[in-house]
Amino acid sequence: MTPENNVNGTTTSVVSTSPFLKALVLQIRGQDAYGVYRSWSDDLLLKGFVVTKQKKREISVQGEVDPVTISRIMSFFKAIAARIEQETGLISQVVLDLSHEGFGWALVFSGRLILTVKTLRDAHRFGFDSLEKLAEEGDRYVAKGVDLANRYKEVSKL
């Protein structure tokens, strides 16, 4: 594997230290029915989630949201659900409602309890400044979801 195949030209991986990024990699690899990503490094798999502010400005919000971007958004929230399941033992599901204009919301729920809600706008430009920011955002959603699941466990079992 050459350094160019990694996110910032480095061979060190933040993925190995982040439980959320590990869960995200598992979600992406789980959707790879044809084995395209089999030889890809974890950093390379997550490269699409890193979108600098300059790149975001260059992405047009005209037209349909790219299916690859929709898949990235869904993988992000499925990783959150998977981490909440690991922490609480409660089965969590994801609902993504996204209009063709890039507006909508994502929900992570367990039973009748909504664990995470995110309003999406400009979904065309979904991404994070770095893998560290991606991990922080995912961990923040997981922590809030776990807190709600632990406080209202009886609701999630309905």
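Note that the structure is predicted; figures quoted are calculated from it, not measured.

## Topic: the sheet that holds strand β1 (residues 93-98)
Across a sheet, strands are paired by hydrogen bonds formed along the backbone, either parallel or antiparallel in direction.
And then number 1: With respect to topology, 3 strands assemble into an open sheet ordered β1-β2-β3, the strand pairing being antiparallel. The open sheet has two edge strands, β1 and β3 (113-120), and neither has a second partner. Going from strand to strand, the sheet's axes swing by 15° on average, the running direction of each strand aside.
And then number 2: Of the strand pairs in this sheet, β1 and strand β2 (residues 104-110) are connected by 6 bridges, and their pairing is antiparallel. Residue pairing for β2: D97 is matched across the bridge by W105.

## Regarding the packing of aromatic side chains
And then number 1: By the definition in use, this model includes 8 aromatic pairs.
And then number 2: Geometrically, the ring pair formed by F126 and F128 is edge-to-face, given 5.4 Å between the ring centres and 80° between the ring planes.
And then number 3: You can call F128 buried: its relative accessible area is 11%.
And then number 4: Each member of the aromatic cluster is reached from another via a ring pair, and the members are F20, F76, F77, F126, F128 and Y141.

## Notes on helix α5 (residues 131-151)
And then number 1: Compared with the 30 Å implied by 1.5 Å per residue over 21 residues, the 30 Å span of α5 between its first and last C-alpha is a close match.
And then number 2: Residues of α5 that are buried: L131, L134, A135, E137, G138, Y141, V142, G145, V146 and A149. Buried positions in α5, seen along its axis, are confined to an arc of 165° and lie on one side of it.
And then number 3: Elements that come into contact with the buried residues of α5 comprise α1 (19-30), α2 (42-46), α4 (67-88), β3 and α6 (153-156).

## Topic: the side chain of D32
And then number 1: Assignment of secondary structure puts D32 in the loop between α1 and α2.
And then number 2: R29 is the oppositely charged side chain nearest to the buried, salt-bridge-free D32, at an N-O distance of 6.0 Å.
And then number 3: A distance of 2.7 Å separates a polar side-chain atom of D32 from the backbone nitrogen of Y37.
And then number 4: Not counting residues up to four positions away in its chain, the partners in contact with D32 are Y37 and R38.

What counts and how
- Residues numbered from 1 in each chain as written.
- Predicted model: local features only at pLDDT ≥ 70, side-chain atom pairs only at ≥ 80, totals over all residues.
- Heavy atoms only, no water.
- Pairing = 2+ DSSP bridges.
- Helix = DSSP H or I, 4+ residues; strand = E, 2+ residues; numbered from the N terminus.
- Axes fitted to C-alpha atoms, helices over the stretch in contact; angles between N-to-C directions.
- Phe/Tyr/Trp six-rings, centres within 6.5 Å; stacked < 30°, edge-to-face > 60°.
- Buried < 20%, exposed > 50% of the residue type's maximum accessible area, 1.4 Å probe, protein only.
- Expected span 1.5 Å × (residues − 1).
- Arc of directions from axis to C-beta.
- Contact = heavy atoms within 4.5 Å.
- Lys, Arg positive; Asp, Glu negative; His and termini not counted.
- Salt bridge = Lys/Arg side-chain N within 4 Å of Asp/Glu carboxyl O.
- Polar contact = N/O pair within 3.5 Å; in protein donor to acceptor, adjacent residues only side chain to side chain.

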